[in-house]
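Below, each chain spelled out in residue letters.
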Amino acid sequence: MASGQAEHDSSTTQAAAAQAQSRDGAAGPRLPVPESAPSSVPGEDDGFGVRFGVAPAVTREVATPFARKGGDPLYRPLKVFTSDPAASRMEAAVAQINVPYEPLAPGPVGSFFKVSSDDPQQNVQYQAADLNDSCVLMAGGYAPSPSEPRFHQQMVYAVCSSVYAVFRGALGRHVAWGFRRAHDPARLELRPFAFKGANAWYDKDEGALCFGYDVAPQRNVGNRTLPGGYVFTCLSHDIIAHEVTHALLDGLRAHFSSPTGPDVAAFHEGFADLVAIFQRLSYRELVKTALRKARGRLDQAPLLTNLAHQLGHALELEAALRSALSREPPDGYDPDAEPHRLGQVLLCAVFEAYLVVFGRKAAPFLRLASNGTGICPPGDLPADLVDLLAHAASALAGHFQSLVIRAIDYCPPVNITFGEFLRALVTADYDLVPDDPWGYREALIDAFARRDIYPRHVPTLAEDALLWRPPRRAMPPVAGLAAAHLMFDGDMAAGASPAELTRQARALGEFATRSQHLHEFGLVSQGEAAALGGTADLPMVESLRSARRAGPDGQIACDLVAEITQRVTIRPTPGEPGYTLVGGATVILGPKGEIRYLISKSAAGGERLQRRRAFLQSAQGRKFWRIDGAAYVENASLYAALHLPAGTPAVTGAAT
């Protein structure tokens with residue numbers, strides 16, 4: 001086990017370094033949620049009846065990471081495939097990455113993940129990976145091999161742990177899972193041998209990532225896959241990173257798991273692909289190898305820009321499962337497109353902005369290496385130039401990955417659209433880095449516009465017009481939510497006790513549901529709901545989370561991020577079934593309890609009702625919703641509907 005500085009032959013992401021060297025968890029275990037806690041906590045009665053509730057998710061348990069003591073290792077070096085088993089070892093197909101150290105039981109089983117060794121298809125249980133075995137420790141983990149089940153278990157644990165560390169670093173807090181499983185709610189189960197099939201999914205009901213395996217075609221598919229041999233999705237770096245991102249996003253935004261509009265399912269797919277592609281770019285040796293081969297051109301390095309090579313070939317596609325590179329002209333936004341195809345539009349838009357900024361950062365190095373022409377002479381690039389370019393590419397990928405994740409805190413709580421995500425990206429970046437010398441935000445705006453992705457209700461595409469705003473009307477600070485009144489379990493990232501979280505939720509609910517504040521928070525009265533032809537549920541405070549972020553100049557920003565939502569049920573009318581709408585707001589509060597941003601989305605308004613009805617009646621809507629009696633009901637979970645072929649028995653989950 002590595003202690004002290006990371007080894008030179010290991011890859012340590014910035015997020016892993018930050019988590020490994022932090023002092024989290026020193027305050028001891030979190031207080032449990034009382035067994036007698038009701039399913040929703042009523043708000044204060046102001047004499048006119050209860051005005052709001054507190055959702056169970058507010059007090060959802062968050063795992064406490066290992067509290068490192070003096071002399072404990074910083075990292076656990078583990079080997080992984082940087083792509084999949086079909087990639088060439090000469091192209092840095094294997095990397096030793098430094099995962100933040102924690103004690104592990106065989107499985108491995110740690111604070112956030114529990115790996116299963118069961119193979120129901122073969123009716124066997126493989127030997128559990130024991131990463132504390134002395135021989136395994138000396139070797140830096142199990143050697144990468146498709147024929148060693150313990151490496152499969154190591155692979156999913158290592159990649160999932162690395163991605164979790166990235167989310168934690170970007171958000172400045174530990175992330176609670178959003179699955180429904182009641183027992184062991186702080187640990188996501190990883191099942192490398194879950195079923196037979198070239199697929200993988202996140203199971204929200206069971207709290208598990210399920211990875212399948214299948215037989216490759218009985219012919220040469222053009223890579224190092226044995227015809228008729230097995231292809232394991234749990235050995236694809238991209239698929240693992242993609243699936244754990246689904247689970248993490250579900251923990252951050254529960255309502256994004258309901259396909260309420262054409263962009264919601266596509267956003268899940270595009271967002272998960274973005275995290276996966278930028279995670280791969282964190283492996284410096286892989287980036288150096290690819291840039292050396294592509295003579296410094298990231299846009300000509302398929303090793304870095306293609307996702308799930310082996311699975312794409314196994315499914316007899318022309319190449320990888322998906323690519324982050326756009327065609328020319330790029331595919332435009334089409335709300336009727338299949339969710340994976342539409343998600344790729346989002347992936348390509350953000351990756352194009354990444355390439356633009358990389359080009360700006362690489363230009364000085366290329367000018368120095370080419371006597372000012374910017375065009376390097378024929379032959380191999382100098383090794384020092386490749387090192388500089390690889391460092392710039394990996395560091396920039398980390399910046400973009402953090403920005404993409406951080407932007408989730410700036411998204412509305414329901415029915416996300418690509419245009420709103422652009423506004424979230426611009427605001428999240430501006431909020432932490434007001435100065436933008438490399439033009440990140442300009443590159444993002446241009447890339448989205450090239451694909452006809454435009455936010456609603458903005459006057460122009462100017463940066464300041466896209467920023468989310470404070471409330472339109474002056475509001476006082478929220479009493480009880482100033483930093484001076486908040487109590488955390490030792491560290492801000494660890495969150496607060498259930499009692500303290502409930503107190504905070506009540507303070508926000510009482511403030512938001514005052515009659516003069518309802519509209520600002522996207523909430524409606526019963527009278528307004530009746531005018532729409534429906535009824536309104538009580539507003540629910542869905543979550544309160546701390547957000548601690550460090551800017552490039554070392555400044556620390558601390559906020560409180562909260563969601564409050566409200567369900568409105570539209571009654572059926574002759575010829576038209578009933579349906580539901582969810583409105584509400586994401587609230588970002590500063591250290592004094594002031595509302596810095598209020599990102600609301602009301603259920604009221606004919607325009608939103610029209611869009612909701614149009615989606616339910618569209619081909620894409622019918623994939624997710626059916627008419628049952630006099631109302632629309634969801635066919636299955638978003639994850640199941642996305643990937644299971646017609647006629648497959650309904651199970652929850654989402655494949656890549």
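Treat the numbers as computed from the prediction; the structure is a model and nothing was measured.

Conventions we followed
- Residues numbered from 1 in each chain as written.
- Predicted model: local features only at pLDDT ≥ 70, side-chain atom pairs only at ≥ 80, totals over all residues.
- Heavy atoms only, no water.
- Salt bridge = Lys/Arg side-chain N within 4 Å of Asp/Glu carboxyl O.
- Helix = DSSP H or I, 4+ residues; strand = E, 2+ residues; numbered from the N terminus.
- Buried < 20%, exposed > 50% of the residue type's maximum accessible area, 1.4 Å probe, protein only.
- Polar contact = N/O pair within 3.5 Å; in protein donor to acceptor, adjacent residues only side chain to side chain.
- Contact = heavy atoms within 4.5 Å.
- Axes fitted to C-alpha atoms, helices over the stretch in contact; angles between N-to-C directions.
- Parallel < 35°, antiparallel > 145°, perpendicular 65-115°, else oblique.
- Left-handed = near helix turned anticlockwise from the far one by under 90°.
- Nonpolar A, V, L, I, M, F, W, Y, C, P; charged D, E, K, R; others polar.

Draft legend 1. Fine view of the pattern of salt bridges. Scanning all chains against the criterion turns up 35 salt bridges. Residue Arg-191 is joined to Glu-206 by a salt bridge in which the shortest nitrogen-to-oxygen separation is 2.8 Å. Of the two residues, Arg-191 sits in strand S9 (residues 188-196) while Glu-206 sits in the loop between strand S10 (200-203) and strand S11 (208-215), which places them 15 residues apart along the sequence. When the shortest N-O distance is used, the salt bridge between Arg-472 and Glu-520 registers 3.7 Å. Of this pair, Arg-472 sits in the loop between helix H13 (463-466) and helix H14 (498-512) while Glu-520 sits in the loop between H14 and helix H15 (526-531), placing them 48 residues apart in sequence. Judged by its relative accessible area of 10%, Glu-520 falls in the buried class. Residues joined by salt bridges that share partners form a network here, namely Glu-328, Glu-352, Arg-450 and Arg-451.

Draft legend 2. Broad picture of the side chain of Glu-420. Within the secondary structure layout, Glu-420 lies in helix H11 (residues 418-432). Residue class for Glu-420 comes out buried when judged on its relative accessible area of 14%. There is a polar contact of 3.1 Å between the side chain of Glu-420 and the backbone nitrogen of Thr-417. Not counting residues up to four positions away in its chain, the partners in contact with Glu-420 are Pro-412, Asn-415, Trp-468 and Lys-601.

Draft legend 3. A look at the packing of helix H9 (residues 339-369) against H11. Taken N-terminus to C-terminus, the directions of H9 and H11 make an angle of 25 degrees; their axes are 12 Å apart at the nearest point. As summarised for this structure, H9 and H11 are arranged roughly parallel, according to the angle between their axes. Crossing of H9 against H11: the hand is right-handed. The segment H9 lies against H11, with Leu-342, Gly-343, Leu-346 and Val-350 engaging Phe-418, Phe-421 and Leu-425. A breakdown of the residues in the contact of H9 with H11 according to their chemical character gives six nonpolar, one polar and no charged.

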